[in-house]
Structure formats: structure tokens, C-alpha cells
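In case you want the letters, here they are:
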Amino acid sequence: MKPERSDLSRHWHCLDREGAAAHLETDPDKGLSAGIAASRLAQTGPNVLQEASRRHPLVMLASQFTDFMILVLIAAAVIAGIVGEPQDSIAIVVIVLLNGIIGFVQEYRAERAMAALKKMASPQARVIRDGRSGLIDATGLVPGDLVELEAGNILPADLRLTELASLKVDESALTGESLPVEKQLATLDAADLPLGDRLNLAYKGTVVTYGRARGLVVATGMQTELGKIAALLSGEPGKTPLQKRLARFGQNLAIVVLALCAIIFVAGWLRGEPPLVMLLTAVSLAVAAIPEALPAVVTISLALGAARMVKQNALIRRLPAVETLGSVTYICSDKTGTLTQNQMQVDCVQAAGETRPVLADTEAAPWRELGMAMALCSDAEADADGKLTGDPTETALLEAAQAAGFGKHDWQENFPRLAELPFDSGRARMSTLHRDGEGVLMLVKGAPEGMLPLCVEQLATAGTTAIDRAALQDEAEQLATQGLRVLAFALKRLPDIPDVLDADTLETGLTFVGLAGLIDPPRPEAAESVAACKTAGIIPVMITGDHPATARAIAARLGIIENGGRVLTGSDLARLSLEEFEHEMESVRVYARINPEQKIRIVRALQDQGEFVAMTGDGVNDAPALKMADIGVAMGKGGTDVAREAAHMTLLDDNFATIVLAVREGRRIFDNIRKFVKYTMTSNSGEIWTIFFAPFLGLPIPLLPIHILWINLVTDGLPGLALANEHAERNVMQRPPRPPKESIFAHGMWQHILWVGLLMGGVSLLTQAWAIHTGSAHWQSMVFTVLTLSQLGHVLAIRSERESLFTQGVLSNRMLIGALLLTFALQMAVLYVPWLNPIFRTEPLGVGELAACLALSSVVFMGVEIEKALVRRGWLYARR
């Protein structure tokens, strides 16, 4: 009975050639007719992956004006215009537009940068229709088409292979397997085999590295394994920790603002004040309480961080993701191409009972013969530029041989190839025959377990000796337990080229030469990066589709696990319940033979435990987990387009070490945003207390709306923006990640905002009362100036949460010093430039009045420096 069509994706590998053709209603030799192909194309649609829809620029622009704080500002502008304060209305509108334009430009640039990435696809395919072979657009393939493949082709669809000749396919992008997979035609019995074990199938998006084949198309477009992974990428990503914190911050702030405005308005109305005056006061208070520049500063802080990270080879797709890196507690990293180089290399060679890291002493036996075999018993070639091409294992062997002086071109001239016995999976070896003087030299390489029984002697330094097969097999197995792929080499001398090249006859009575252990090695900088992650309190986890022994070996070299650390396989994971897995998860640092759905399960389980997860990877199989992770980090150079599209950040140099730099940058950015929130909210707190308490103390309204806007936009804005350029705290990578649910106001921030705001307001009201008492007509300008200069002293003091300004160095943030000098100059201009006085309703201060303002405003700076001294001694607030 035919399988149901919904189950075919699971059972194609269980059908033989004729069975698959029957299900597809096609001819396995001649393919479909052109008419039937056209009909099926109309039914199935083109062989393409669906693109995620992108937001229209106008929608992007409109979204910049939906933030709650922005809406409150717009309402304040309307009220200010109604009560006859057009200057305030214009100023508020300018601020809102500035916010919107900055946010739109940054988001639009981020979208444009990633939109340029192409989808992973094959542009053309060679298909047989009506018995004739021809090239067509790969988008026109339909189920039942007969496709021809050769080395270098990108698979245009999922195929059930029907004919092949030594076909090898690089499936690393889909399964994580480092080595090309040798395909076969035999029907497989188990229905639930992992993708990497369905050897009679070939998948869309993978690459043919060797051989030729024909296959029937069994799935196209979104029905392919690649398409299923693309389908997993649907859905909008969640908010980052920063967005969540700012959302809670805005909601809480709104409640406080409304309550204070109501108290001010009702108290004044009951006291007999004119309603218009009290409404103006309430609007002033609302404007003071809303940090207008906060959205702009957050965006610019993230943009500056993104710009710095691009210089460090990290491209950010969504700006808030910069901060998320500073929150991650787990980095789940793919092995192939991320922690490793995705390029096989010879790790060690073994001959005459001696193991060496490289070929050496190549003039003597058996090292000379081993180098010859590695160079000559290979189909890998070097082009004119010296670049090696061919099977990755053979290119690795040739590279090691050439490094030891065995240049293939020169050695082939001396030992020209006469014939070969190609590699096949049944024999698990290959042989090449070369002219050697009057005789023939046969070189053989293959799996040790198949080669050793064929050897009758062993080559040693002083000639041949008796062979100890058991000892050699133990040595090979010992190398294999280290995660190495082990190949054995042997030779045989013949009097002449045989008339019949029969493997069973020729590949006997061999002389064993040596072993070579190969591995996809770790990136040179990866171990240091893993250690840095651990120092920063981040747990690195390896998730790979590769073999457990290989995964363990790489993880041990990198320091991800200690010797004896547990490796959890995909089949083990599948048998665990959710509760069992969450218990095991705490001790597992390496996962092997994992499929894409299981990667998502791992990320989701970590997130359910309250962890913030970064997922790094480069393959198609990483994409769903990249999308689900709190931040997905893709490889831009050697990675796939699907992975880059799913990720929040792309590493342009494919360097795992860039992750550590990005984490540091993320922590620095969040620290600086915290400093800006502390600065602006303390400043606004000072303004609130000044306005709130003045009527209850019998004092007139000390500040007008235009004063508040000037302080918030210019005094807060310029120095606040410069805080984004502040260097990282000294301990930024020695402290643990922030707890995911930690408030942005943690570590004494809300206490600081409260007491420093009260101090700032108290100094301002003291200035007002003293000026009125002494009969000064400039009392409002004096309050305006004291509040402005107090905030400039405050921003100098909070550049570090612990260190004194004098330890940091006053000039260590020159952008901030420049902003302070400019702000001071602008404040003086508002006071002393005659045509600005009516706009800002100020009067020039005398020398004594200005000196008093400077002295009073320094109180805040000294108070905060005392606070930091108490923090350094551990007497105040929790240590970071």
C-alpha cells in the first residue's frame, strides 16, 4: 500500500527506485513529459522559499510615534498651544519629530543592510524531460522531475537518488556534519532515521562535492527540508530586556506623573489660584517628568554601539539586540564553522610506533613513504595559485604532505599515475598505481579496520618488520576516541601493471606504512573566547549534528567540558520528558546528533528556566534556534543566507571571538543607558520637587515650561548623549550577567534619583527663597541657572557608578567635556544675549548673582562624590 502523501517526507528513503517513481507517477529513466511538468507546476507552485514580508517605510516611520511617552508629549504640546504657549508647543513638536526621524533612519538602515542578503537557492538545474537532458530555471522543478547532478552543483530540490557514481554531498549546512556524506542507492528500513542517515536522499541547498548522480524530485519549495526549516522561522520576535524595562519604566512613570499633576492642580484650585495658571503648572510638571530625550538617547546609544561593533566585524540587524548580548547567560554554539574552521586538517600522523603532530624527517622510512601516500594516493589537486580543490579529507592530507615537502606535481612527475582503484563504501579504501623505475608502486589508503587484515608486514625505520595488527588497531581506536577521523596507509610493489585491475587480487599482501588522524580543528581564538565567557559568568554550550566523539574532543580542547564531561545525543534527548530534560540540562554542556527541532527545544527549555540565550551558528539547521533565541548570532562570511536572515546579529569575520567583544560592548551600552536614565530622571526629579513644593512653601512657580524644555532638551540632551561614549567600567567582564528580571533601577539607582533629586530641588528652592528675600528681581533666572549647572555637575559625577571622577580622569571622555562646555556657553547666551531674553524670559545676572549660582550648584557634585566613596567602601547599596 502506498504511504499517505502527508507521510512521504518520512518514507521516501524506505522506497526503492521503482516504488518512488510509481508514487510520483514518473518514468525513472526518461522523467516527466513537458506537458505533465507544466501541469504540476501550476498545482505545486514555483520551487522557491517564501520570503518574509518587510514593513513598508511609512509603517516604520509611523511606528516611531506610538511610544507612550511620545503620545504624552504630543498631548502636552496640544495643551500648551491651547493655553497660549506656542513656543512650548513648537519645542515639543520639534523634539517628537527628532525622535521619530532618528528612530526611523536607524531602523530603515538596519532593514536595508540585511535585505541585501540573497536566499539560499540554486539558479539552474539540469533536468531530463521526455528523455532529453537540458538546463532549466530551478524554480520550474516539480515533484517527479528527473535531475542530473555533478560535482559543484547546489541541490535544487529534495531528491530520491536513482543512479550515482561515487557521489559525495556536503550537508554541513543542513545537518552540521563536517565531512561530505557518501550517498548510496539501497533502500533503508527505518522510517524515523535522522536526516544525516538517509543516505539515498539528497536535500535542497546542499552541495555536491564529488561524483555524479541522478535523482527524482520528491519535494520542492517550502515542502523541502530546507523549506520546513524556513517555515519554522515565521513569527515576530519578542522584545529585548531593554525594551521590556523601558516599557515598565514608561508605565510606572505615567502613573506617578498623572497623580502629581492631579495633586498640583487640585491643591492650587482649592487655594483659589486661577485655573489657567494651575493648568500651566500641571503641564510644566508633566513636561518635567517625561524624559523627552530618552528614546532618542537609547536609539543613538544603540546605534553608536552598533557602529563600533561593525568596526569589530559584527553587523547588527535590530538595534536593541546590541543590549541583549549584555544579558545573556548561555551561549549555545554550533560546532561546525563556528567553533571550528569547517576545514579538515591533519591533526597527527603515526608510523613505526611513533606519533607526531606533523610529517617530519621525511628522508627516512617510513615517514617518506607516508608522505608519498598522502600526496599521491589522492584525487585532490593544486591549481596554479596553489589553492587545493577536491574532497575535504584528501585536500587536508595533501596540504599536510605539501607542508612537509611532498609537492604533488613534482612527485607525480617522478611517480606518474598509471591506474587507480577508486574509493567505494564497500571496500572503504582506494588504491593508485604509479610507475617506479622498472616496476609499479601501489599506494593504498582507507579505514584501518578494513586495511589492517590485508597487511602482512609493517614498514619500519630499518626496513620491514612483522606486523602486530591488534596493536595497530588499538592505536587507531585510541585516535578515534579523541574525535579524529583515522585513515591507514599501505603500499605494495608490483613488477608491472596488471592486465586486470581487480581489487580483491591486488589489495592483498600489503605493507602497512602508517596512520593519519584528521579533524575539523577549533578556531585558534575559540578557546580563549570560551574562557572569557566563563569569566563573564556566561555558560558556553555546544550543540551540533556531528558525532558524539568528535563533539567531545572539540569541546574538551576548547574547555567547554572537562575530561569525562557528559555528551547528550539527540536520541537520548528524544527519550527524555520535559521535566527530565530540564533536570539533565543543568549539567550538560555538549549536545551531539541534534536535529533542528531539538535545537529549538534546548533553547526553549533554557528560556523556560529564566535564562537568556544567545545562539551562534552558520548553517541552515541553526536558523530556527537563531530566530527563537534572545539573540541569534550568524556567520556572515562562511554562513548561509537563511541563518543570517534569522539572526539578530551577523559576524562578518565568522570569528567566535567577536562574540566576547560584542558581549562587552552590550554590557557597556546598557551601563551607559543606565547612567543616562539615572542622569535624566534625577534631573527631572529635581525639577519635579522644585515645582511641586514651591506652592506649598508659599513661593511662586519657579520655572516656566520653556525653562523646563530648555533644561530637558539641551542641558539633559547634549551631556546625556555624550554619556553614550563613556568607556566600559573596569569590572565589566568580571561580573556575572544581569539577572533577566532585574529592574533597570537596581543597585541603588532609585534611591539615588530620589535623594539627589530632593537635594537638587532643595538647592533650587533655597536659591529662590534667598533671592526673593534679598529683593532680587532675577530670582527666576537664578533658579533656572542653578538647576541647569547642578545637572552639569551631576553628569560629571555619575560617569562611573563607583570610581571618583578624579580617578577616571576629567578628560577621559572628551565628548562629554565638549558637551558640558557647549551647554554652559548656551546657558550663558540665554542669560546675556539680549534678543534671547524675551524668548526664554530671562534677565542678565550680576557678577555676585552668577557667583552664588556657581557655588550653590556645586553642592550636587560634591554630594554624589561622597555617595560613590561610601559605595566603594561597601557601606551603601549592593555591589555590582
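What you see as residue numbers is a count from 1 along each chain, following the sequence as written. pLDDT decides what is reported in this predicted model: residues at 70 or higher carry local features, side-chain atom pairs at 80 or more are listed and counted, and totals for whole chains, interfaces and linings draw on all residues regardless. To get the side-chain values, take all heavy atoms of the structure and skip hydrogens and water.

Considering the overall build of the chain
At step 1: Strands here are runs of E lasting at least two residues and helices are runs of H or I lasting at least four, both read from the DSSP assignment and numbered beginning at the N terminus. When its secondary structure is counted, the chain shows 34 helices and 26 strands.
At step 2: Put simply, the chain has 880 residues, and 55% of those count as buried.
At step 3: The contact definition used throughout considers only heavy atoms, calling two residues in contact when any of these lie within 4.5 Å. Of all intrachain contacts in the chain linking residues separated by at least 6 positions in sequence, the fraction that spans at least 24 positions is 72%.
At step 4: Here the accessible surface of atoms and residues is derived via Shrake-Rupley with a 1.4 Å probe, and residues count as covered only by protein chains that are part of the display. Approximately 36,000 Å² of the chain is accessible, and the part contributed by carbon and sulfur atoms is 59%. Here's how the labels work: a residue is buried when its accessible area is under 20% of the maximum for its type, exposed when over 50%, partly exposed in between, all with a 1.4 Å probe on protein chains only.

Concerning the packing of helix H30 (residues 779–797) against helix H32 (residues 814–832)
At step 1: Contact pair H30 / H32: the axes reach a minimum separation of 11 Å and the direction vectors enclose 175 degrees. Relative to H32, the element H30 lies roughly antiparallel. Counted together, Ser781, Phe784, Thr785, Thr788, Leu789, Leu792, Val795 and Leu796 of H30 and Leu816, Ile817, Leu820, Thr823, Phe824, Gln827, Val830 and Leu831 of H32 form the full contact between these two elements.
At step 2: When its residues are assigned to classes, the contact of H30 with H32 shows 11 nonpolar, 5 polar and no charged. Note on geometry: axes are C-alpha line fits, over the in-contact stretch for helices, and angles between N-to-C directions span 0 to 180 degrees. Note on angle classes: values under 35 degrees are labelled roughly parallel, values over 145 roughly antiparallel, values of 65 to 115 roughly perpendicular, and the remainder oblique. Only Asp, Glu, Lys and Arg are considered charged, only Ala, Val, Leu, Ile, Met, Phe, Trp, Tyr, Cys and Pro nonpolar, and every remaining residue, Gly among them, polar.

What to know about the pattern of salt bridges
At step 1: Within this document, salt bridges are pairs made up of a side-chain nitrogen of Lys or Arg and a carboxyl oxygen of Asp or Glu, the two lying within 4 Å of each other. Taken as a whole and assessed by the stated rule, the structure comprises 30 salt bridges.
At step 2: With its nearest N and O atoms 2.1 Å apart, the salt bridge here joins Glu584 to Arg566. Linking Glu584 in helix H23 (residues 578–585) with Arg566 in the loop between helix H21 (548–558) and strand S22 (567–569), this pair joins segments that are 18 residues apart in sequence.
At step 3: Each member of the salt-bridge network shares a partner with another, and the members are Asp424, Arg427, Arg429 and Glu507.

Structural notes on unusual backbone geometry
At step 1: At the junction of Ala365 and Pro366, the peptide bond is cis and its omega measures out at 0 degrees in the coordinates.
At step 2: Of note, Pro366 is situated in the loop between strand S11 (354–356) and helix H14 (367–376).
At step 3: Phi at Asp130 is positive, roughly 55 degrees, even though this residue is not glycine.
At step 4: Its location among the elements puts Asp130 in the loop between strand S1 (124–129) and strand S2 (132–137).
At step 5: Exposure remark for Asp130: the relative accessible area of 37% places this residue in the partly exposed category.

Digging into the sheet that holds strand S8 (residues 314–316)
At step 1: A pair of strands is considered paired only if DSSP assigns at least 2 bridges between the two. Strand order across the open sheet formed by 8 strands is S8-S26-S25-S24-S9-S21-S23-S22, with mixed pairing between neighbours. Because the sheet does not close on itself, it has two edges, and the strands there are S8 and S22. Going from strand to strand, the sheet's axes swing by 20 degrees on average, the running direction of each strand aside.
At step 2: The pairing of S22 with strand S23 (residues 590–592) spans 3 bridges and is classified as parallel. Along S23, the bridge assignment pairs Thr569 with Ala592.
At step 3: Relative to the sheet, H21 contacts strand S21 (539–543), S22 and S23, its axis offset from that of S23 by approximately 155 degrees.

Thoughts on the pairing of strand S25 (residues 631–635)
At step 1: With 5 of 5 residues buried, S25 lies mostly within the body of the structure.
At step 2: Of the two faces of S25, the one holding Ile631, Val633 and Met635 and the one holding Gly632 and Ala634 are both buried throughout.
At step 3: Bridge count for strand S24 (residues 613–617) against S25 is 4 bridges, and the pairing is parallel. Looking at S25, one finds that Met615 is bridged to Gly632.
At step 4: The pairing of S25 with strand S26 (residues 649–651) spans 3 bridges and is parallel. Bridging across to S26, Met635 finds its partner in Leu651.

Re a nonpolar patch on the surface
At step 1: Residues enter a patch when their relative accessible area is above 30% and they make no salt bridge; the linking distance is 9 Å between like charges and 5 Å between nonpolar side chains (Val, Leu, Ile, Met, Phe, Trp, Tyr). Where nonpolar side chains cluster on the molecular surface, the patch consists of Ile263, Phe693, Phe696, Leu697, Trp750, Leu754 and Leu758 and spans about 680 Å² of accessible area.
At step 2: Listing elements by their share of the nonpolar patch, those giving two or more residues are helix H27 (657–696) and helix H29 (749–773).
At step 3: The element contributing the most residues to the nonpolar patch is H29, with 3 residues.
At step 4: Within the fold, Leu758 resides in helix H29.

A closer look at helix H15 (residues 392–403)
At step 1: The span one expects for a helix is its residue count, reduced by one, times 1.5 Å. In this model H15 runs 16 Å from its N-terminal to its C-terminal C-alpha over 12 residues, within 8% of the 16 Å that 1.5 Å per residue would give.
At step 2: All of the buried residues in H15 are Thr393, Glu394, Thr395, Ala396, Leu397, Leu398 and Ala401.
At step 3: Sitting at the head of H15, Asp391 places a side-chain oxygen 2.9 Å from the backbone nitrogen of Thr393.
At step 4: Backbone geometry just downstream of H15 places Gly405 in the positive-phi region, at approximately 100 degrees. What qualifies as a polar contact is a pair of N or O atoms within 3.5 Å, subject to a donor-acceptor requirement within protein and to the restriction that residues adjacent in sequence count only when both atoms come from side chains.

The values reported here are purely geometric and, on their own, carry no functional implication.
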